[in-house]
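As a plain string of letters, each chain reads:
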Amino acid sequence: MVNFIKKRLQVFVSSTYSDLIKERQAAVEAILTSGHIPAGMELFTSGDESQMEAIKQWIDESDVYLLILGGRYGSIDPNTGKSYTQLEYEYAVSQEKPLFSCVIKDSAIESRVKEHGTAFLETENLHKLKEFRTQVLTKMVRFWEDYKDIKITIGETLAQLSRREDLLGWMRPQQEADISGLADEITRLSKENAQLREQLSDNQPEPIICGLTFAQLKNILDKKGLSSVFVEVKFHVNGTYISGLKDEEGGFLCMIGLINYNGSFYLTDDGRSFLTRYLLENSTDCNEKDHFSA
């Protein structure tokens, strides 16, 4: 099986503290469960200018910024009159840092106040909190009712962000070597295929899939144990959305060009061509429709 590179993104998590202890812990767990690295959690307390400079450095060195916004505005920086949480957020925006926010629902605030009292409600700087919330809602936001919603949001969002080529993250050197070897193999076979095509005298040469002949492409997938995997996974929405693939399988099929990723795995035109021919040549009692559901 192919070793699929999984980048480990460093995620800086920002929030107020005393009212969001459980939610902050849920965020850390979700980031770690997703295979990424949390930063900023419990490392600092609201404080002086030197601490803010250290926080800015951590934000700079992180790949992603996450804000968890509850019902409190937070400690105020005396120089700006803004909360430290808002200053962190605005700094991340100014640095064009990839970010997303989990914002509490109004109904959740009411429930928390009924259960825990005004410790979970902003009473001194309500106007500033409303202005900050309005500012946050102009960017990528998901609303939460409890910590479970936060976990789901983090898992889904990091799955998308980890596939952005501009986010380097943390990666083991030997994994890079593995993927480089696969790329070299594909390049060699593509060149070999080009030479063979030049030698063909047939007016109707064999169709090319992902730069290779069907036989060459099938040979690669057979060696990696992926031909049967690719045929057995489930296809939906007229045969474009794919479910049932593992990350390492999907990663290799994306690199080959049989599928692409846009929040979920999808068949490419080459992928559909390969699958159709594979079914025609290898199945006597099933057809293409059996593998696609509306």
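This write-up is about the structure you can find in this document.

What counts and how
- Residues numbered from 1 in each chain as written.
- Predicted model: local features only at pLDDT ≥ 70, side-chain atom pairs only at ≥ 80, totals over all residues.
- Heavy atoms only, no water.
- Salt bridge = Lys/Arg side-chain N within 4 Å of Asp/Glu carboxyl O.
- Helix = DSSP H or I, 4+ residues; strand = E, 2+ residues; numbered from the N terminus.
- Buried < 20%, exposed > 50% of the residue type's maximum accessible area, 1.4 Å probe, protein only.
- Pairing = 2+ DSSP bridges.
- Axes fitted to C-alpha atoms, helices over the stretch in contact; angles between N-to-C directions.
- Contact = heavy atoms within 4.5 Å.

## Topic: the pattern of salt bridges
Logical step 1: Throughout the structure, instances matching the rule amount to 10 salt bridges.
Logical step 2: With a shortest N-O distance of 2.9 Å, Arg 142 and Glu 156 are connected by a salt bridge. On the criterion of sequence distance, the pair formed by Arg 142 in strand S5 (residues 141–144) and Glu 156 in helix H6 (residues 147–161) is long-range, its members being 14 residues apart.
Logical step 3: Overall, the relative accessible area of 35% leaves Arg 142 in the partly exposed class.
Logical step 4: Residue Glu 156 is classed as partly exposed on the basis of its relative accessible area, which comes to 39%.

## What to know about the sheet that holds strand S1 (residues 10–15)
Logical step 1: In space, the 5 strands of this open sheet follow the order S2-S1-S3-S4-S5, with parallel pairing throughout. Looking at strand neighbours, the two that pair on one side only are strand S2 (37–39) and S5, the edges of this open sheet. On average, each strand axis in the sheet is tilted by 25° relative to the strand beside it, whichever way the strands run.
Logical step 2: Sheet analysis places S1 next to strand S3 (residues 64–69), joined by 5 bridges and oriented parallel. Within the sheet, the bridge partner assigned to Ser 15 lies in S3 and is Ile 68.
Logical step 3: Packing against the sheet, H6 makes contact with S1, S3, strand S4 (99–104) and S5, and its axis sits at approximately 165° to S4.

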